Amino acid sequence: RGKVQLPGWFSDNMVLQTSSEYGACSFLNGRAAPGETVRVLVCDATHYATAADAQGDWVVQLNPKPESALPCDIHVQGDDGAVVSAKNVVWGDVFFCSGQSNMAYPMMLAYNFSQEVATLKDPQLKDFRFFMTSVARTSEPQWDLPNGSSACGAFTPDSSS
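Keep in mind the model is a prediction, meaning the values are calculated, not measured. (Residues numbered from 1 in each chain as written. Predicted model: local features only at pLDDT ≥ 70, side-chain atom pairs only at ≥ 80, totals over all residues. Heavy atoms only, no water.)

As for the state of the cysteines
To be explicit about the condition: Disulfide assignment relies on a single distance test, namely cysteine sulfur atoms paired within 2.5 Å. Each helix is a run of H or I in the DSSP string that is no shorter than four residues. Each strand is a run of E no shorter than two, and both are numbered from the N terminus. Type-normalised accessible area, obtained with a 1.4 Å probe on protein chains alone, sets the label of each residue: buried when under 20%, exposed when over 50%, and partly exposed for intermediate values.
For the coordinates displayed, the defined rule picks out one disulfide. Linked covalently through their sulfurs, cysteine 43 and cysteine 72 form a disulfide whose S-S length is 2.1 Å. Linking cysteine 43 and cysteine 72, the disulfide has an S-S dihedral of approximately -45° and is accordingly described as left-handed. A residue pair is termed long-range when its members are at least 10 positions apart, and cysteine 43 in the loop between strand S3 (37-42) and strand S4 (46-51) and cysteine 72 in strand S6 (residues 68-77) qualify at 29 residues. What makes cysteine 43 partly exposed here is its relative accessible area of 25%.

Digging into the side chain of asparagine 13
Short version of the rule: Under the rule applied, a polar contact is a pair of N or O atoms within 3.5 Å (in protein, one hydrogen donor and one hydrogen acceptor; residues adjacent in sequence only if both atoms are side-chain atoms).
Residue position: asparagine 13 is located in the segment before strand S1 (15-17). In this structure asparagine 13 comes out as buried when scored by relative accessible area, which is 18%. Only 2.6 Å separates the side chain of asparagine 13 from the side chain of asparagine 88, close enough to count as a polar contact.

Observations regarding the environment of glycine 81
Relative to the helices and strands, glycine 81 resides in the loop between S6 and strand S7 (83-92). Sequence separation of glycine 81 and valine 38 is 43 residues, and the distance between their C-alpha atoms is 9.8 Å.

Here we look at a nonpolar patch on the surface
Our working definition: Patch membership requires over 30% relative accessible area and the absence of a salt bridge. Like charges are linked within 9 Å, and nonpolar side chains (Val, Leu, Ile, Met, Phe, Trp, Tyr) within 5 Å. Using a 1.4 Å probe, the Shrake-Rupley method yields the accessible areas, and only the shown protein chains count as cover for residues. Counted as salt bridges are all cases of a side-chain nitrogen of Lys or Arg within 4 Å of a carboxyl oxygen of Asp or Glu.
A cluster of nonpolar side chains, namely Tyr105, Met108 and Leu109, defines an oily patch on the protein surface of about 330 Å² accessible area. Relative to the helices and strands, leucine 109 is located in the loop between S7 and helix H1 (113-119). What makes leucine 109 exposed here is its relative accessible area of 52%.

Some thoughts on the nonpolar core
Note on soluble globular proteins: their nonpolar side chains tend to be buried together. Note the following rule: Buried Ala, Val, Leu, Ile, Met, Phe, Trp, Tyr and Cys residues form a nonpolar core when they are joined through side-chain atoms within 4.5 Å. In what follows, a contact means two residues having at least one pair of non-hydrogen atoms within 4.5 Å.
One finds Leu28, Val40, Trp58 and Ile74 to be the most contacted residues of the largest nonpolar core, which totals 21 residues. When residues no more than four places from it in sequence are discounted, the contact partners of leucine 28 are Trp9, Phe10, Met14, Leu16, Val40, Trp58, Val59, Val60, Leu62 and Ile74.

Thoughts on the pattern of salt bridges
Here the structure, examined in full by the defined rule, presents two salt bridges. In this structure, arginine 31 and aspartate 57 form a salt bridge, with 3.3 Å as the shortest nitrogen-oxygen distance. Placement of the pair is arginine 31 in strand S2 (residues 27-31) and aspartate 57 in strand S5 (residues 57-61), with a sequence separation of 26 residues. We classify arginine 31 as partly exposed; its relative accessible area is 33%. Overall, the relative accessible area of 31% leaves aspartate 57 in the partly exposed class. Where arginine 39 meets aspartate 79, a salt bridge forms, and the shortest distance between an N and an O atom there is 3.8 Å. Within this pair, whereas arginine 39 is found in strand S3, its partner aspartate 79 is found in the loop between S6 and S7, the two being separated by 40 residues in sequence.

So, the side chain of histidine 75
Looking at where histidine 75 falls in the secondary structure, it is placed in strand S6. Among the polar contacts made by the side chain of histidine 75, one reaches the side chain of serine 85 at a distance of 2.6 Å. Among residues more than four places away in sequence, those in contact with histidine 75 are Arg39, Val40, Leu41, Asp44, Val83, Val84 and Ser85.

Things to note about the environment of glutamine 61
On the secondary structure map, glutamine 61 appears in strand S5. Dropping the residues within four chain positions of it, glutamine 61 is found in contact with Cys25, Ser26, Phe27 and Tyr48.

In structure tokens form, the structure reads like this:
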């Protein structure tokens, strides 16, 4: 049997979409051997199970969960028993920002860089999190993104935009 694989966004400090006003649900997806059973444990309380399809792809729709600053862990396990975990996961609003040419402008070149960095230490932003990925050009759909999430206190904005 194959080892369960998860995309790069499945990482410590990630944010999953809350069930707030948009009515959205969170999903987890990955790859495993075709037909392999995949089990997911969320916050040591809710269990999910699914099977990988003929191509080895699997997906689990998580129950709606309200916004929460209380972090928990998510564990994913396949038939081989190996566990892939994400720690310090919270639920909240998720925003995707990409595609603009000005997004390649590094923050460290901003006029007021020092003041902007100082605001990231504001206690009210303690749950502000980032997912950074590298620039890649391709004409083919991609299953995975490199890099991962970080909590605001661990975020280094120097080269980000």
